[in-house]
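Tertiary structure, described
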Amino acid sequence: MGNLMITDKKKILRRSIAELKSRYDFQWKCDTSHRILQHLENLDLFKSANTVLIYHALPDEVQTSQFLERWFGKKRIVLPLVVGDDLVLKEFSPDKIVPGYKGIPEPSFEALTVNPNEVELAVIPGVAFDQDCYRLGRGKGFYDRLIPFLKAPLVGLAFDFQIVDKVPVEIFDRKLDMVVTESAQFE
């Protein structure tokens, strides 16, 4: 009986540590994402673009919700939306957001559709190193459709620890124009 109580206490302790770690990781990602987004906002590519494609990130990617809050109303923000087998671009508006893939907010069907040629800069929050080459987050299928769809410059966002080799990122025969991290930017 005494051993059961010790086991239960250990479980509670482990759960508490995991919750604390999770909260710490979330705060760290938010703070680091803020600094990465500040670097992005200082780029001439960003300053000159009026229509910017970006989207809500997955938990392990550079968080973009701060970006959406800060720049809504100052720039035209475009979000990609998968509809069946098609990819469409929708104008971001806080009142036209619904839960999408894994609960991540995405534009509703009622949001205004945007022509891909109107996008002046595409910001990719999920860039990571995978074995011998770079990959982009959200799975290859999503980017197989998105990247050829766009003619605008592509800027990747990444946490420093995800950039293992400072070389241009190649994806589907097209290089990202730049990768921005907390400590530097790589062209």
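Worth saying up front: this structure is predicted, and the values here are computed from it rather than measured.

**A few points about the confidence of the model for the protein**
- On average, the protein scores 76 in pLDDT, and the residues at 70 or more come to 68%.
- Ignoring residues within four places in sequence, the model shows residues 129-135, a span with pLDDT below 50, making 18 contacts including any to other chains.
- Between residues 164-168, whose pLDDT stays under 50, and residues either more than four places distant or in other chains, the model counts ten contacts.

**Re the pattern of salt bridges**
- One pass over the structure, following the stated rule, counts five salt bridges.
- Residue R76 pairs with E118 through a salt bridge whose shortest N-O separation is 2.5 Å. A residue pair is termed long-range when its members are at least 10 positions apart, and R76 in strand β2 (residues 76-83) and E118 in the loop between β6 (113-114) and β7 (121-124) qualify at 42 residues.
- On the accessibility criterion, R76 (25% relative accessible area) is partly exposed.
- For E118, a relative accessible area of 35% corresponds to the partly exposed category.
- Of the charged contacts, one joins K96 and D95 as a salt bridge, the two residues approaching to 3.7 Å between their closest N and O atoms.
- The class of K96 is partly exposed, set by a relative accessible area of 29%.
- By relative accessible area, which is 60% here, D95 ends up exposed.
- Linked by salt bridges that have partners in common, R76, E91 and E118 make up one network.

**Some thoughts on the packing of aromatic side chains**
- For the structure shown, the criterion picks out three aromatic pairs.
- Aromatic side chains F46 and F67 sit 5.8 Å apart centroid to centroid with 70 degrees between the ring planes, which places their arrangement in the edge-to-face category. One end of the pair, F46, is in helix α2 (residues 44-48); the other, F67, is in helix α3 (residues 65-71), with 21 residues separating them in the sequence.
- Here F67 falls in the buried class, since its relative accessible area comes to 0%.
- When the ring of F46 is compared with that of W71, the centres are 4.9 Å apart and the planes differ by 75 degrees; the resulting orientation is edge-to-face. Placement of the pair is F46 in helix α2 and W71 in helix α3, with a sequence separation of 25 residues. The pair F46 / W71 is uniform in exposure class, with both members buried.
- An aromatic cluster of three or more residues is present, and its members are F46, F67 and W71.
- Positioned above the aromatic ring of W71, the side-chain terminus of K74 is 5.7 Å from the ring centre.
- Positioned above the aromatic ring of F46, the side-chain terminus of K75 is 4.6 Å from the ring centre.

Quick notes on the rules
- Residues numbered from 1 in each chain as written.
- Predicted model: local features only at pLDDT ≥ 70, side-chain atom pairs only at ≥ 80, totals over all residues.
- Heavy atoms only, no water.
- pLDDT = per-residue confidence, 0-100.
- Contact = heavy atoms within 4.5 Å.
- Salt bridge = Lys/Arg side-chain N within 4 Å of Asp/Glu carboxyl O.
- Helix = DSSP H or I, 4+ residues; strand = E, 2+ residues; numbered from the N terminus.
- Buried < 20%, exposed > 50% of the residue type's maximum accessible area, 1.4 Å probe, protein only.
- Phe/Tyr/Trp six-rings, centres within 6.5 Å; stacked < 30°, edge-to-face > 60°.
- Lys NZ or Arg CZ within 6 Å of the ring centre and 35° of its normal.

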